[in-house]
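# A structural walkthrough
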Amino acid sequence: MKNQDLVDYLRSCGVCEVCQLRYLKARGSEYKDIKETLRRLDIKVNENEENVGDIVFPEEQPTKKARLSTCSTCLGLFSEEFQRELLQGILTSDFAKYDCQKIVLAISLPMVLQLRQLAMWFALQKRFGASVDGTNPPDVPIKEAVKLILHPIICEKLAKEYDANGLMINIDVTHSLEAGEVEKLVGLNREAFPAKAAHQKRIEISRGLLEKQYQPAKVKAEIFEKYYQIPCAGVEEPLKLVSIDLQGPLVCVAGRYRKLSRELSHTPWILNGQRLMEDSIEEIIIRNVGPHFAEKLEKINFMSSGREDVDVRCLGKGRPFVLEIPNAIRSSLTTEQAYKMEQAVDGSGKVSILNLQVVPREELTHIKTGEEQKKKFYRALCALKEPVTVEILQKLQIPESFDIQQKTPIRVLHRRPLHTRPRTIYSVKAKVQRGNPQALVIDIVTQAGTYIKELVHGEFGRTTPSFASIIGQAIDIQALDVVGIDLDWPPEVDNSPSVE
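Here is a short report on the structure shown in this document. Bear in mind the structure is a predicted one, so any value in this text is a computation, not a measurement.

Procedures and definitions
Residues numbered from 1 in each chain as written. Predicted model: local features only at pLDDT ≥ 70, side-chain atom pairs only at ≥ 80, totals over all residues. Heavy atoms only, no water. Salt bridge = Lys/Arg side-chain N within 4 Å of Asp/Glu carboxyl O. Helix = DSSP H or I, 4+ residues; strand = E, 2+ residues; numbered from the N terminus. Buried < 20%, exposed > 50% of the residue type's maximum accessible area, 1.4 Å probe, protein only. Expected span 1.5 Å × (residues − 1). Bend = angle between axes of the 7 residues up to and from the residue. Contact = heavy atoms within 4.5 Å. Pairing = 2+ DSSP bridges.

Another point: the pattern of salt bridges. A pair can form between side chains of opposite charge whenever their charged atoms are brought close. If you walk through the whole model with that rule in mind, you get 27 salt bridges. A salt bridge links E225 to K126; the nearest nitrogen and oxygen atoms lie 3.0 Å apart. Taken as a pair, E225 in helix 10 (residues 221-227) and K126 in helix 5 (residues 111-128) lie far apart in primary sequence, 99 residues in all. Classification of E225 by relative accessible area gives partly exposed; the value is 36%. Overall, K126 belongs to the exposed group, its relative accessible area being 53%. Between D311 and K453 there is a salt bridge, and its shortest N-O distance comes to 2.9 Å. Here K453 lies in helix 15 (residues 452-457) and D311 lies in the loop between strand 8 (301-304) and strand 9 (312-325), a separation of 142 residues in the sequence. On the accessibility criterion, D311 (36% relative accessible area) is partly exposed. The network of salt bridges with shared partners includes D309, D311, R411, K453 and E454.

Structure follows, in structure tokens:
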């Protein structure tokens, strides 16, 4: 089968130049200058045909041309007229409110398009015989062609970049033939696949059904032709653009927080419908960072690498956190904007944040990866009933690692299952608190997931060994600080203004 023979036949069937290239298996930049590509393939070019790349903005639109006949296979999807209408629809939507440099088109196409590709497949087999495979489609699929053709054009005209994670432009397209053509599929399905139909009370017609079951290798042409014309008939009416909806990208904002208060919960603390604390780390960060990125703050998801109890501070470099912000209206953050957010959070007096930055979604794995393998560093103020002795101090100088068995603490059984978990304690170092001979300051390096309060007092033997069992007497914890988390993420950034 020669290229010219194929194109001549496609032209006789009312197939546009873009779709002619699809049946020539054109790729990538070959769609940018269609006439040049056809010439390179030794195809005679119709100089009067429109070129897919020659699109203008609505305000630049020249005197309207007489409507060309609609392509019998794409129903005008790749026509200049449809692309102009699509651009105008995007520009008159809420597109301007989204400050996003990257976009992606998500087009919902009617099933009548798939049926027409199938009809042309049968037609090519009739015309060219065994040279047209019955299993592998003879064309570049419509969905793939949308990415190859429409995406670059729309991106160029809107001065945006293509990115699957960018602003999603949801485009709903239909055609007046859709309902009638899809209704015929029920009868075709029963005749083409009688064994399957016999076991189905109701046939679910879907795009997936068409893609999986309908090809010349599985459906006889004579059965298909009872319901649909081969090749498909030309139509005057093109596809209709029904709606354009915008979905902002998912933006991820990371940083580290320091918890400065011993009276602050991690997330909103609500029990039996009543708030137990007026604020939380999550709420303080979201209300100072969220409005820059989103209109609906309640949709923002706050995650962190672990958490502290209400009465535990987190100091040092702080704890890594991430805000997952869906349908974001902005996807970028300058250092100046980040600095103002950091200052606003610091102004709460309860939480401080640093290293605030936008990160790729793929990096969120850092928050969960190694959740129980990373090390954590604590400083605990502990009290004894009697003054500290040299023997007690010596027992709590433990430079080598050791393992403990820790049952789920009673205080968290309402939200955690009862398990006995092995945990590694990497080192312990104790000293007497200055001015208080009955108090110890203990530095502890542990595996993440260790309950430190129970490690100290043992909780009636539910944690073994514990500091209480090691020194052979009761010991209680008065205050606890997280002073380090062994997770080198997100990268350090200095958002403070440069001093010249």
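Given a rise of 1.5 Å per residue, 17 residues ought to cover 24 Å, and the 22 Å separating the end C-alpha atoms of helix 6 (residues 142-158) matches this to within 8%. Residue L150 marks the point of greatest curvature in helix 6, where the axis turns by about 35°; the proline P152 follows within four residues. Buried within helix 6 are the following residues: I142, A145, V146, I149, L150, H151, I153, I154, C155 and L158. Buried residues in helix 6 make contact with helix 2 (17-23), helix 4 (80-91), strand 1 (102-108), helix 5 and strand 2 (161-162). Downstream of helix 6 by one or two residues, A159 has phi in the positive range, about 55°.

By the criterion of burial, strand 14 (residues 439-447) is predominantly enclosed, with 8 of the 9 residues buried. Pairing between strand 13 (residues 420-432) and strand 14: 7 bridges, direction antiparallel. When the sheet's bridge partners are listed, S427 is paired in strand 14 with V445. Count of turn residues in the strand 13/strand 14 antiparallel hairpin: 6 residues, of which G435 carries a positive phi of about 85°.

Residue placement: E324 occurs in strand 9. Classification of E324 by relative accessible area gives buried; the value is 18%. Expressed as a C-alpha distance, the spacing of E324 and N301, which sit 23 residues apart in the sequence, is 4.9 Å.

This brings us to unusual backbone geometry. Going from T464 to P465, the amide bond is cis rather than trans, its omega being -15°. Within the element layout of this structure, P465 appears in the loop between strand 15 (463-464) and helix 16 (467-471). Here the bond from W489 into P490 is cis, since omega is -5°, no more than 30 degrees from zero. Counting through the fold element by element, P490 comes out in the segment after strand 16 (476-485). Unusually for a residue other than glycine, D42 sits at a positive phi of about 60°. On the secondary structure map, D42 appears in the loop between helix 3 (34-40) and helix 4. For D42, a relative accessible area of 65% translates into the label exposed.

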